[in-house]
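# A closer look at the structure
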Amino acid sequence: MATGQQGFDPDDFFDQRRIDRQREQSLSDRQRMDRERADDDRRRALEEQRMAVLDANRARLNAMLVLVNDDDITLSAEEVGVVNDKSLRMMPNGEVVSRRAPSARNIIRRSGQFSRANILPNFEASKKRTRKKTKTDKNMSKALRLANDKFRTAKGKLRKGASQAQIMKYAHKLLKKM
């Protein structure tokens, strides 16, 4: 007799469990792949950084090779002094100029001595006032303990037919009697 209601088919239950297991597996696979992708990105960034340092060292070494191996290049004591002086720079046109010393204003700015964080006193943020605990609060916690003991099993599950609303109603009823 057809009632129009779908009956319980055990195969549907097992199919759903299989689908849930596959969904969980694919989620863990996606998370693992995301972690691997992030690790690869980090490794790639470190490798690029290392290659940039190697390229800079290679360029410096090539410049030194030209200076040392080219017999036509000779440096006087004055030129060696220019090469080793950190305050001097050579422009692309070959002109040697001295680097300008930073202004006093820039030195002060970089020191952070007068930043807002150092000037303003460190006041603690005002804490939001909490409400005063009352006798009713203490009694309510006792009433809830008693109500939970009545409506829950030893393992902590709600008894059959009981709800959280019933527990609260009963707790309020006990509170009135206290």
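Every chain begins its residue count from 1, and numbering advances along the sequence as written. Only residues with pLDDT of at least 70 are given local features in this predicted model, and only at 80 or more are side-chain atom pairs given and counted; all residues enter the totals for whole chains, interfaces and linings. Here the side-chain values reflect all heavy atoms present in the structure, with hydrogen atoms and water set aside.

### So, the overall build of the protein chain
- Per the secondary structure count, the protein chain includes six helices and two strands.
- Comment: elements are numbered from the N terminus, with helices defined as DSSP H or I runs of at least four residues and strands as E runs of at least two. Walking the protein chain from its N terminus toward its C terminus, one meets helices and strands in the order α-α-β-β-α-α-α-α.
- The burial tally for the protein chain puts 5% of its 178 residues in the buried class.
- The accessible surface values rely on the Shrake-Rupley method and a 1.4 Å probe; as for residues, cover is taken only from the protein chains in view. As presented, the protein chain carries roughly 17000 Å² of accessible surface, and 54% of it is formed by carbon and sulfur atoms. Only protein chains enter the calculation, and the probe is 1.4 Å; a residue is then buried if its accessible area is under 20% of its type maximum, exposed if over 50%, and partly exposed in between.

### Some details on the layout of surface pockets
- Considering only enclosed or pocket space, the largest pocket measures out at about 180 Å³ in volume.
- Together, Glu79, Val82, Val83, Asp85, Leu88, Arg89, Met90 and Val96 line the largest pocket.
- Only Asp, Glu, Lys and Arg are considered charged in this grouping, and only Ala, Val, Leu, Ile, Met, Phe, Trp, Tyr, Cys and Pro are considered nonpolar; every other residue, Gly among them, is considered polar. Considered class by class, the residues forming the lining of the largest pocket number five nonpolar, no polar and three charged. Of the two site types, the cavity is a set of points on a 1 Å grid over the protein atoms alone where a 1.4 Å probe fits but cannot get out, and the pocket is an open set with protein on both sides within 12 Å along at least five of seven lines, each lined by residues with an atom within 4 Å of a point. Grid points are joined across faces, edges and corners, and a volume is the space filled by probe spheres set on the points.

### Focus: the nonpolar core
- In plain words, nonpolar cores are sets of buried Ala, Val, Leu, Ile, Met, Phe, Trp, Tyr and Cys residues tied together by side-chain atoms within 4.5 Å. In this structure, Met140, Ala143, Ala147, Phe151, Ala162, Ile167, Ala171 and Leu174 together form the largest nonpolar core, which totals eight residues.
- Of all the secondary structure elements, the ones that give two or more residues to this core are α5 (135-151) and α6 (164-177).
- The element that contributes the greatest number of residues to this core is α5, accounting for four residues.
- The contact rule is simple, with two residues in contact once any of their heavy atoms fall within 4.5 Å. Look past the residues within four positions of Leu174 in its chain and what remains in contact with it is Ala143, Leu146 and Ala147.

### Focus: the pattern of salt bridges
- In the sections that follow, a salt bridge refers to a side-chain nitrogen of Lys or Arg positioned within 4 Å of a carboxyl oxygen of Asp or Glu. Under the counting rule described, the total for this entry stands at nine salt bridges.
- One salt bridge connects Asp29 with Arg32, and the closest N-O pair in it is separated by 3.5 Å. Of the two residues, Asp29 and Arg32 are both situated in helix α1 (residues 10-69); the distance of three residues between them amounts to about one turn of the helix.
- For Asp29, a relative accessible area of 25% corresponds to the partly exposed category.
- By relative accessible area, Arg32 is classed as partly exposed at 37%.
- A salt bridge links Asp40 to Arg43; its shortest N-O distance comes to 2.7 Å.

### What about a nonpolar patch on the surface?
- Exposure above 30% relative accessible area and the lack of any salt bridge qualify a residue for a patch; like charges then connect within 9 Å, and the nonpolar side chains Val, Leu, Ile, Met, Phe, Trp and Tyr within 5 Å. Together, Leu61, Met64, Leu65, Val66, Leu67, Val68, Ile73, Leu75, Val80 and Val83 make up an exposed nonpolar region whose accessible area comes to about 860 Å².
- Mapped by element, the contributors of at least two residues to the nonpolar patch are α1 and α2 (77-84).
- Tallying contributions element by element places α1 first for the nonpolar patch, with six residues.
- For Val68, a relative accessible area of 59% corresponds to the exposed category.

### Concerning the packing of α5 against α6
- At their nearest, the axes of α5 and α6 sit 8 Å apart, and the two run at 130 degrees to each other. Taken together, the axis directions place α5 and α6 in an arrangement best described as oblique. α5 and α6 meet at a crossing whose hand is right-handed. On α6, the residues touching Thr136, Asn139, Met140, Ala143, Leu144, Leu146, Ala147, Asn148, Lys150 and Phe151 of α5 are Gln166, Ile167, Met168, Tyr170, Ala171, His172, Leu174 and Leu175. A fitted line through C-alpha atoms serves as each axis, taken over the contacting stretch for helices, and the angle formed by two N-to-C directions is quoted from 0 to 180°. Angle categories: roughly parallel below 35 degrees, roughly antiparallel above 145, roughly perpendicular from 65 to 115, and oblique for all the rest. By convention the crossing between two helices is left-handed if the near helix lies anticlockwise of the far one by an angle smaller than a right angle, and right-handed if it lies clockwise.

### Re helix α3 (residues 104-111)
- The element α3 is barely covered by neighbouring structure, given that only zero of its eight residues are classed as buried.
- Where α3 terminates, the next one or two residues include Gly112, which has phi positive at roughly 75 degrees.

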